[in-house]
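Listed below, chain by chain, are the residues.
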Amino acid sequence: MKTIRHPNIVQFHDFVLEKGFVYLIEEYCEEGDIGYYIMRQGRKKKGGFGEKTIAKWLLQLLLAIEYLHNKNIMHRDIRP
């Protein structure tokens, strides 16, 4: 996972195993994850997000998945 480098994938740095728990150390995302962003901005935007914005997000997601698949990696937990 440390070798994965893509602009649409959060960078993994390391993991720590402590008292039976696994902690992942990843790149810091100042704005939080996309699910949090959608929730926060969705309250401000009564009509939701525009079609262009959603298409941009979908393209970024598909490019990230394509990158992983080209490295024979399958993601099993895609969510906002």
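In this text the structure is predicted, and so the values were computed from the model without any measurement.

A.B. asks: Explain the pairing of strand S1 (residues 12-18) residue by residue, including any values.
C.D. replies: When S1 meets strand S2 (residues 21-26), the two strands line up antiparallel, connected through six bridges. Residue phenylalanine 15 lies in a different strand from S2, and its bridge partner there is leucine 24. Hairpin connection, S1 to S2: the antiparallel pair is bridged by two residues, and lysine 19 has positive phi, about 50°.

A.B. asks: So what's going on with unusual backbone geometry? Residues and values would help.
C.D. replies: Of note, the phi angle at lysine 19 is positive, near 50°, even though the residue is not glycine. Along the chain, lysine 19 falls in the loop between S1 and S2.

A.B. asks: Give a detailed account of the confidence of the model for the chain, specifying residues and quantitative values.
C.D. replies: Here the chain averages 88 in pLDDT, while 99% of its residues score no lower than 70. No element of the chain has a lower mean pLDDT than helix H1 (residues 34-44), at 80, and none a higher one than S2, at 95.

A.B. asks: Can you tell me about the layout of surface pockets, naming the residues and giving the values?
C.D. replies: When its volume is computed, the largest pocket comes out at roughly 1600 Å³. Forming the boundary of the largest pocket are 35 residues, of which Asn8, Ile9, Val10, His75 and Arg79 lie nearest the centre. Among the secondary structure elements, those contributing two or more residues to the lining of the largest pocket are S2, H1 and helix H2 (51-70). With eight residues, the top contributor of residues to the lining of the largest pocket is H2. A breakdown of the residues in the lining of the largest pocket according to their chemical character gives 22 nonpolar, five polar and eight charged.

A.B. asks: Would you mind going over the side chain of glutamine 11 in detail, with residue names and values included?
C.D. replies: Position of glutamine 11 among the secondary structure elements: in the segment before S1. Overall, glutamine 11 belongs to the buried group, its relative accessible area being 15%. A distance of 3.0 Å separates polar atoms of two side chains, one belonging to glutamine 11 and the other to arginine 5. Setting aside residues up to four positions removed in sequence, glutamine 11 forms contacts with Lys2, Ile4, Arg5, Glu26 and Glu27.

What counts and how
Every chain is numbered on its own, with residues counted from 1 as its sequence reads. Predicted model: local features are reported for residues with pLDDT of at least 70 only, side-chain atom pairs are reported and counted for 80 or more only, and whole-chain, interface and lining totals are derived from all residues. Only heavy atoms go into the side-chain values, all of them from the structure, while hydrogens and water stay out. Strand pairing is defined by DSSP finding a minimum of two bridges between the two strands. Runs of E in the DSSP output that reach at least two residues are strands. Runs of H or I that reach at least four are helices, and both are numbered from the N terminus. A score from 0 to 100, pLDDT tells how confident the predictor is in each residue. Any residue with an atom within 4 Å of a point lines the site, the site being either a cavity, points on a 1 Å grid over the protein atoms alone where a 1.4 Å probe fits but cannot get out, or a pocket, an open set with protein on both sides within 12 Å along at least 5 of 7 lines. Grid points are joined across faces, edges and corners, and a volume is the space filled by probe spheres set on the points. Classification convention: Asp, Glu, Lys, Arg as charged; Ala, Val, Leu, Ile, Met, Phe, Trp, Tyr, Cys, Pro as nonpolar; all other residues, Gly among them, as polar. When accessible area is computed with a 1.4 Å probe and restricted to protein chains, residues below 20% of their type maximum are described as buried, those above 50% as exposed, and intermediate ones as partly exposed. Polar contact is the term for a pair of N or O atoms within 3.5 Å; when the atoms are in protein, one must be able to donate a hydrogen and the other to accept it, and sequence-neighboring residues count only if both atoms are side-chain atoms. Every residue pair with non-hydrogen atoms within 4.5 Å of one another is taken to be in contact.

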